[in-house]
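Tertiary structure, described
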Amino acid sequence: EAQVTQNPRYLITVTGKKLTVTCSQNMNHEYMSWYRQDPGLGLRQIYYSMNVEVTDKGDVPEGYKVSRKEKRNFPLILESPSPNQTSLYFCASSPRTSGSNEQFFGPGTRLTVL
Amino acid sequence: DAKTTQPPSMDCAEGRAANLPCNHSTISGNEYVYWYRQIHSQGPQYIIHGLKNNETNEMASLIITEDRKSSTLILPHATLRDTAVYYCIVHAGGTSYGKLTFGQGTILTVHP
């Protein structure tokens with residue numbers, strides 16, 4: 001089944017404790033992206049990647065890192081999480097071809113930073 | 001990428017058509033209009049997209065004005081399960097897009 005998976009789905013952590021949220025897609029998509037969603041603010045893009053080893057900042061990159069060493073994986077790294085990074089996070093992928101470029105979203109990761 | 005403007009909320013009676021507007025007055029010639037929806041806190045789901053012509057699929061219809069500065073997503077016979085947040089975004093097609101801006105979307109409530 002074509003899908004985007006995220007792990008963990010739920011995470012409670014403390015300020016300053018490094019964490020990684022994994023994202024994997026099995027559709028051979030070039031484009032991958034991370035979003036955060038907060039009440040009243042909609043979906044905001046954190047980082048995106050147009051291909052392996054190519055990443056760029058979205059609208060809210062501060063406090064986050066990403067890497068794209070393989071086409072299927074795009075982990076989101078919080079080196080020193082803070083309470084303002086408590087949010088619902090979504091990973092998405094897209095083919096970036098001449099046809100439809102619909103984004104396929106993962107199920108989300110709910111992060112709480114105490 | 002061009003930005004979009006959507007009403008924060010709309011209501012619709014079950015069985016009636018839901019017409020969700022989106023303004024994208026700064027859209028460029030190579031940018032497509034995409035619509036997604038998000039039910040509760042699930043991952044957003046693609047609905048439909050278009051460039052110039054009106055489009056229809058099994059979920060919805062998309063009407064794009066001739067000047068392409070606005071569009072309307074039409075759910076022809078809304079059901080309670082269509083209650084969701086609907087996002088309109090625009091971006092270039094093919095391999096030309098990178099950063100995407102979703103905005104806050106429209107909360108559609110379908111009532112009995």
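Above this text sits the structure in question.
Residues numbered from 1 in each chain as written. Chains lettered and ligands numbered in written order. Predicted model: local features only at pLDDT ≥ 70, side-chain atom pairs only at ≥ 80, totals over all residues. Heavy atoms only, no water.

A look at the interface of chain B and chain A
In this assembly, 23 residues from chain B lie in contact with 27 residues from chain A. Regarding the contact of chain B and chain A, the summed buried area is about 1900 Å², with carbon and sulfur atoms giving 49% of it. The tally of links from chain B across to chain A stands at nine residue pairs in polar contact (both at pLDDT 80 or more). Mapped onto the side of chain B that touches chain A, the elements with two or more residues apiece are β3 (31–38), β4 (45–50) and β8 (84–92) of chain B. Ranked by the residues each element gives to the side of chain B that touches chain A, the list is headed by β3 of chain B, at three residues. By residue class, the composition of the side of chain B that touches chain A is eight nonpolar, 14 polar and one charged. (Contact = heavy atoms within 4.5 Å. Buried area = accessible area lost by both parts, 1.4 Å probe. Polar contact = N/O pair within 3.5 Å; in protein donor to acceptor, adjacent residues only side chain to side chain. Helix = DSSP H or I, 4+ residues; strand = E, 2+ residues; numbered from the N terminus. Nonpolar A, V, L, I, M, F, W, Y, C, P; charged D, E, K, R; others polar.)

Structural notes on the side chain of R37 of chain B
Residues and elements named next belong to chain B. Turning to its location among the elements, R37 is positioned in strand β3. Here D82 takes part through its side chain, which lies 2.8 Å from a polar atom of the side chain of R37. For R37, the side chain forms a polar contact with the side chain of Y86, separated by 3.1 Å. Excluding residues within four positions of it along the chain, R37 makes contact with G43, P44, Q45, I47, M59, R81, D82, A84, V85 and Y86.

Here's the deal with the side chain of S93 of chain A
All names here are of chain A. By the element assignment, S93 lies in strand β9 (residues 87–94). A distance of 2.8 Å separates polar atoms of two side chains, one belonging to S93 and the other to H29. Contacts of S93, omitting those with residues within four sequence positions, involve V4, Q25, M27, H29, Y31, M32, E102, Q103 and F104.

Here we look at the state of the cysteines
Under the defined criterion, the tally for this structure stands at two disulfides over all chains. Disulfide partner of C23 of chain A: C91 of chain A, at an S-S distance of 1.8 Å. A torsion of -75° about the S-S bond marks the disulfide between C23 of chain A and C91 of chain A as left-handed. Of this pair, C23 of chain A sits in strand β3 (residues 19–25) while C91 of chain A sits in strand β9, and the two are 68 residues apart along the sequence. Of the two residues examined, C23 of chain A and C91 of chain A, each falls in the buried class. Residue C22 of chain B pairs covalently with C88 of chain B via a disulfide, S to S 2.1 Å. Note on the C22 of chain B and C88 of chain B pair: the S-S dihedral is about -80°, so by sign convention the disulfide is left-handed. Separated by 66 residues along the polypeptide, C22 of chain B in strand β2 (residues 18–23) and C88 of chain B in strand β8 bring together distant segments of the chain. Of the two residues examined, C22 of chain B and C88 of chain B, each falls in the buried class. Summary of cysteine pairing: C12 of chain B is not part of a disulfide, and the nearest cysteine sulfur, belonging to C22 of chain B, is at 18 Å. (Disulfide = S-S within 2.5 Å. Buried < 20%, exposed > 50% of the residue type's maximum accessible area, 1.4 Å probe, protein only.)

Side note on the sheet that holds β4 of chain B
Residue and element names in this part refer to chain B. The mixed open sheet is built from five strands, whose spatial order is β1-β9-β8-β3-β4. Since the sheet does not close on itself, it has two edges, and those belong to β1 (9–13) and β4, each with one partner. Averaged over all pairs of adjacent strands, the angle between strand axes in this sheet comes to 25°, irrespective of strand direction. Alignment of β3 against β4, held across five bridges, turns out to be antiparallel. Bridging across to β4, R37 finds its partner in Q45. (Pairing = 2+ DSSP bridges. Axes fitted to C-alpha atoms, helices over the stretch in contact; angles between N-to-C directions.)

Comments concerning the nonpolar core
For soluble globular proteins, the rule of thumb is that nonpolar side chains tend to be buried together. Ranked by size, the top nonpolar core spans 21 residues in total, and within it W35, L73, Y86 and L108 of chain B carry the most contacts. Put simply, the parts of the chain that give this core at least two residues each are β2, β3, β4, β6 (61–64), β7 (70–75), β8 and β9 (106–111) of chain B. Residue contributions to this core peak at four residues, all from β8 of chain B. Ranked by size, the runner-up nonpolar core spans 19 residues in total, among them L19, W34, L78 and V113 of chain A. (Core = buried A, V, L, I, M, F, W, Y, C linked by side-chain atoms within 4.5 Å.)

Examining the pattern of salt bridges
Any two side chains of opposite charge can pair if their charged atoms end up close together. Residue and element names in this part refer to chain A. Applying the stated criterion across every chain, the model contains five salt bridges over all chains. Between D38 and R44 there is a salt bridge, with the nearest N and O atoms lying 2.8 Å from each other. K65 serves as the salt-bridge partner of E79, at 3.0 Å between the closest nitrogen and oxygen. Taken together, the positions of E79 in the loop between β8 (76–78) and β9 and K65 in strand β7 (residues 65–66) put the pair 14 residues apart, joining distant regions of the chain. Bridged by salt links that share partners, the residues R36, D38 and R44 form one connected network. (Salt bridge = Lys/Arg side-chain N within 4 Å of Asp/Glu carboxyl O.)

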